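# Examining the three-dimensional arrangement
Next come the chains, spelled out residue by residue.
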Amino acid sequence: MIENADGRPSGLSIGRGLFDNGAFAASLSFLSAALAECRADGRDDVSAECLRWIGAAHAQLGAVEEAVRAFLDALALLPDPRSEVAIECAESAGIGLLELDRPREALPHLRAASIEYHRVGAGEAAADCDDALGWAFVGVENFTEATQAFRRAADGMIAAGRHDDAAVCLRWLAAAHANLDAVEESVNAFIEAVPLFADPLSELAILCAECAGLGLNKLDRPREAIPYLRTASTRYRQAGIVADAAETDDSLASALVDIEESAEAITAYRRASDAYLSLGRVQDAADSRALAGTAAVELEDAALVRGEFSAARVLFERLDDAVDDVAQCSFMLGLAAVDLNENANAEVEMRRARAGFDACGGRSAVAECDERLGGLLADDGRLDDALSAFTAAIAGYTEFERHGDIADCHRGIANVHDKSGRMDLVVEALGDAVTHDTAAGRHDLAADMDTLRGMSLFELNRRDEAIAALAAAREYYRRNDRQSDVTWCDVVEAAGRMSLGEDIVEDTFARASAEFHAVGTLDRYAWTELKWATAAVNREDVTAALMHLRAARAGAESAGDGDLARDCDMGEAAALMAIGGYDRAIVLAMAARASFLRRGYGAKAANCLHIIGIVKYFQGRIAEAEVALKQARVESDHLGAAYEVAMIDFHLGQVIGESGRLDLGDEVIGAARAGFARLGLPEMVAATAGISAAMLFRRKDYAGAEAALRAAEVGLPRITDFAVDLALLRQNLASAILLQGGADRALPMMRRARDAIASGSIQRDFVAMCDMNIAVAELMRHRLDSAYASLRSARSGYSTMGATFFVAKADFIDAAIAIARSQHQIALDIAIPAAIFIDAQRFTFAQAASRIAWSELNAEFRVTLFDWVHKFGDKTMLADLVETSINSGTHFAGVGPADPTVSMGALVGVGTATTDAASPNTRSAAAPYDLGGAAALLAGPVLPLRPPPLLIMHKGHTALGAYAERADELYERIIRPSAIDALR
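Here the structure is a predicted model, which means the values were calculated and not measured.

## Quick look at the layout of surface pockets
Empty space within the second largest pocket amounts to approximately 440 Å³. Gly381, Leu383, Ser420, His638 and Leu639 are, among the 18 residues lining the second largest pocket, the residues nearest its centre. At the level of elements, α20 (383-399), α21 (403-419), α30 (582-599) and α32 (622-638) are the ones that each hand at least two residues to the lining of the second largest pocket. For the lining of the second largest pocket, the leading source of residues is α20, giving three residues.

## What to know about the packing of helix α28 (residues 542-558) against helix α29 (residues 562-579)
Axis separation between α28 and α29 bottoms out at 8 Å; the angle between their running directions is 165 degrees. The orientation of α28 with respect to α29, classified from their angle, is roughly antiparallel. The chirality of how α28 crosses α29 is left-handed. Between α28 and α29, the contacting residues are Val542, Leu546, Leu549, Arg550, Ala552, Arg553, Ala556 and Glu557 on the first element and Leu564, Ala565, Arg566, Cys568, Asp569, Gly571, Glu572, Ala575, Leu576 and Ile579 on the second. Residues that form the contact of α28 with α29 fall into these classes: eleven nonpolar, one polar and six charged.

## Digging into the confidence of the model for the protein
Counting all residues, the mean pLDDT for the protein is 83, and 86% of those residues have values of 70 or more. Within the model, the stretch residues 913-946 combines pLDDT values under 50 with 88 contacts to residues more than four positions away or in other chains. Predicted confidence is poor over residues 977-984, with pLDDT under 50, and the contacts of this stretch with residues over four places away or in other chains come to 18 contacts.

## With respect to the pattern of salt bridges
Between side chains of opposite charge, pairing is possible as soon as their charged atoms come close. One pass over the full model with this rule turns up 71 salt bridges. We note a salt bridge from arginine 306 to glutamate 342, for which the minimum N-O separation is 2.4 Å. With arginine 306 in helix α16 (residues 302-316) and glutamate 342 in the loop between α17 (323-339) and α18 (343-359), this pair connects stretches of sequence that are 36 residues apart. Judged by its relative accessible area of 24%, arginine 306 is partly exposed.

## Structural notes on the packing of aromatic side chains
Tallied over the full model, the rule gives 15 aromatic pairs. Both rings, one in tryptophan 135 and one in phenylalanine 150, keep their centres 6.0 Å apart while their planes meet at 85 degrees; by these two values the pair is edge-to-face. Of this pair, tryptophan 135 sits in helix α7 (residues 123-139) while phenylalanine 150 is found in helix α8 (residues 143-159), placing the two residues 15 residues apart along the sequence. Under the relative-accessibility criterion, tryptophan 135 is labelled partly exposed at 35%. For phenylalanine 150, a relative accessible area of 0% corresponds to the buried category. Pairing phenylalanine 837 with tyrosine 971 gives two aromatic rings, centres 5.1 Å apart and planes at 35 degrees, and the pair type is tilted. With phenylalanine 837 in helix α42 (residues 824-840) and tyrosine 971 in the loop between α48 (961-970) and β2 (980-981), this residue pair connects regions lying 134 residues apart in the sequence. Note on accessibility: phenylalanine 837 and tyrosine 971 belong to one class, buried. Through a chain of ring-to-ring contacts, three or more aromatic side chains come together here, namely Phe19, Phe24 and Trp53. Positioned above the aromatic ring of tryptophan 172, the side-chain terminus of arginine 171 is 3.8 Å from the ring centre. When the ring centre of tyrosine 601 is taken as reference, the NZ or CZ atom of lysine 604 above it lies at 5.3 Å.

## Description of the nonpolar core
One finds Phe316, Phe357, Phe509, Trp527, Tyr798, Leu865 and Trp868 to be the most contacted residues of the largest nonpolar core, which totals 218 residues. The biggest single contributor to this core is helix α41 (residues 804-820), with twelve residues. Those residues within four positions of leucine 865 in sequence are excluded, and the remaining contacts are Phe812, Leu828, Ala831, Ile832, Ala835 and Leu881. Residues Ala90, Met157, Ala205 and Ala245 belong to the second largest nonpolar core, which totals 45 residues.

## A look at the UniProt feature "repeat: TPR" (unreviewed entry) in the protein
According to UniProt, the feature "repeat: TPR" (unreviewed entry) maps to residues 48-81 in the numbering used here. Taken end to end, residues 48-81 comprises 79% helix and 0% strand; its first and last C-alpha atoms sit 12 Å apart.

## Describing the packing of helix α12 (residues 222-239) against helix α13 (residues 242-258)
Two elements in contact, α12 and α13, have axes whose closest approach is 9 Å; the angle formed by their N-to-C orientations is 155 degrees. Regarding the angle of α12 to α13, the classification is roughly antiparallel. The two elements α12 and α13 meet at a crossing, and its hand is left-handed. Judged by residue contacts, Pro222, Ile226, Leu229, Arg230, Ala232, Ser233, Tyr236 and Arg237 of α12 engage Asp244, Ala245, Thr248, Asp249, Ser251, Leu252, Ala255, Leu256 and Asp258 from α13. Residues that form the contact of α12 with α13 fall into these classes: nine nonpolar, three polar and five charged.

## With respect to the side chain of arginine 593
Position of arginine 593 among the secondary structure elements: in helix α30. Since its relative accessible area comes to 13%, arginine 593 is described here as buried. A polar contact is formed between the side chain of arginine 593 and the side chain of glutamate 635, at a distance of 2.6 Å. With near-sequence residues (within four places) excluded, arginine 593 lies in contact with Ala605, Ala606, Cys608, Leu609, Gln631 and Glu635.

What counts, and at which threshold
Residues numbered from 1 in each chain as written. Predicted model: local features only at pLDDT ≥ 70, side-chain atom pairs only at ≥ 80, totals over all residues. Heavy atoms only, no water. 1 Å grid on protein atoms, 1.4 Å probe; cavity = no way out; pocket = protein on both sides within 12 Å on 5 of 7 lines; lining within 4 Å. Points joined across faces, edges and corners; volume = space filled by probe spheres on them. Helix = DSSP H or I, 4+ residues; strand = E, 2+ residues; numbered from the N terminus. Axes fitted to C-alpha atoms, helices over the stretch in contact; angles between N-to-C directions. Parallel < 35°, antiparallel > 145°, perpendicular 65-115°, else oblique. Left-handed = near helix turned anticlockwise from the far one by under 90°. Contact = heavy atoms within 4.5 Å. Nonpolar A, V, L, I, M, F, W, Y, C, P; charged D, E, K, R; others polar. pLDDT = per-residue confidence, 0-100. Salt bridge = Lys/Arg side-chain N within 4 Å of Asp/Glu carboxyl O. Buried < 20%, exposed > 50% of the residue type's maximum accessible area, 1.4 Å probe, protein only. Phe/Tyr/Trp six-rings, centres within 6.5 Å; stacked < 30°, edge-to-face > 60°. Lys NZ or Arg CZ within 6 Å of the ring centre and 35° of its normal. Core = buried A, V, L, I, M, F, W, Y, C linked by side-chain atoms within 4.5 Å. UniProt positions renumbered as here; feature names shortened; annotations may be inferred. Polar contact = N/O pair within 3.5 Å; in protein donor to acceptor, adjacent residues only side chain to side chain.

Right, dumping it as structure tokens:
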């Protein structure tokens, strides 16, 4: 054996040299020969060294099993297992065994090597060994020991400055923790690894960033996850790894949604969708785009929602088995259309969604579509269809015992019945809602519905039930320390009691208003102010009422409750009507009506028109009042609102009687009387007797009118609520006595009634009417100064209210006073313009019969005027008057000289209360009344007619031209054709 100077075989030295130069196969020959020689000589130490290098050479050549055998043989020969050679052989044997998938055999060798490396302070070698040891533990599924080994390995590599290797080791540490479900520890390892990679675009670096983000998201720490996911997304895209980029963008978007960064989330979902689509993964692309739509919902951007779900639906439609997904997109598109106020399109989408869900057997989803369709149809005013849709939804939900959704449908049904004014059905539906909310454990909503039930029951005069419902709600709110809701119950009960005529303490409204305003529940604040305004009207304080109404409207608008704001407009219109603010009242009522019609609230819309009709009547616009009231009646009758129909008939009868169609007026009043009787309202039945008496006035049957009024007086309750009605009735009774020649008896009655009305009512038109009647009575007694003083007060009141027709009537009385003073020319200068204006009002009627009746009713003005002109005027004026009367179709040659008592009958006013004596809201189909066919009320020959032209007389002057111009100046301009030659 040839030996080197150190006594080792020369073959060992040559073999190592060849190994170091990469000649591994050649080195094996020399090393094997040296091993044989050493074994022959019994030199175990050198044999072990030869085996160590033989193992290393086999390992380099990929002969792992031979390498492992060599390392193990070496270990068996070494006497000191803690020697450097023994440690290296143990480590190498362990690594080889791992490669041979024999981790259990590898463990003792790697553990031994690790212990020795740490003992001698070989940090970097210990780190590599621990890395291998970690894998061995993973191989035997001992993840707890694996995490400890990987942790030591990573720390050692970091200490040695081998950051890339440490990052890889941390990646596997994270995996080991994950196998132990130690998510937070796993995430921390990924986070630690990310900055250690030298190449941040390496696949493993990106993977660690992605895993860190995913883990943080799983730990519900989305804000921390986002930077890692954003980094991974960017790097995947930079590296062109499309599939991973798409999946990371999906995760990033989800985290962004969690922190309400929906705009960026939508962008990420769109990127994911586009990437999936480029890979042909249409299902994933569609899913991501639908999720973008869901994120858009959070932004409350309906147009964006529509765009995303439209794109998603297009993608889903490319798939064969995505019928339910397509339907879901249609459902969301329907919701977006609702938010965009495109109800017609919303209905189309909901019906498409319903068909899709039905086709794939999604019965629960079909019910959801039916519920949404119910709401849409209700908003569109198709109330019967809405009820059918809600009923179908209830049937669908019942199958799955979805009590909460069933309750929601019953709320929808209540809303439908509220629109049509069927409060009895509203109460029934709300009761069903309470039942199902309770079954669903939604006791808070059940209490809310009890509150609404209480409100509705009060409208039906079902006082005890209303109080019981509110008590149940109040008890729940108290138990759950919901003081604001307790206050709400108090307000609803106070308002309900007030509507039934009970005395209430307004402090309830004051306290609630302040509380609701302070806590920001502006809808409740607005409703409270609205009811407080009603209380103010009841105590005749219109200034306070208007203040509360305007506060209520502001609150409703701030709360975004347009319907409540329009309720405030309607309330203000009614208040202004009472004090003569007619023009503003009409504007408010018309605006409210337009809104209610758009929203499908037919009962409220009809009520607005009812108010408009009354205001027009007060203004003396009789024809316009009739049109408005007739239409309000048609709408209320269609809704089956019996009380409203009776009230409209009550007012419509007055209007028709004012136009001179007394028989028809009697018939309409008779229908009102019958309606009130069916509803059990004796006080309103008595009030109709007063209107019937007014018809007798028009017929000049003053004795009959007196008898009717005395009978009605007995029927009116002697309570405060009817004090004004009673005073009006006595005013009318005094007028009947006056016109029978009993001025001395009538005048004190008139003054007492006037004082009672002025002190007990805010309705200035009643006061003005009393003043005008007193003026007539004083005139008949020839007390001209007193007559003039009362007349001035009446004319001022009517003028302030814009009641032009009644201003003209007052002027005619002024002319009569001037005649009594022998101021004949002054009288004619006043009377002729007034008479021209009064007569011209007949041309506002579209029906010929109505125009004729108006002319007949006001004939006495012309008769009186003819008499005055004949006595005090000149021949030219008389000729002008005759010609203009013939030209307008009004000729009174057959009427004898004016009887002064009869003439005064045309000037005496007859007053009737126009406010509701009670509001029971008892709803049932209104019984039609016989007017020779109901169409007699609504139809007839319609022959529109314009006022006649002025006439140019043979002397070249215009007949009564100056007086016609004066009428235009004093009252309202009369639109007429150009003047024509009277001789043609």
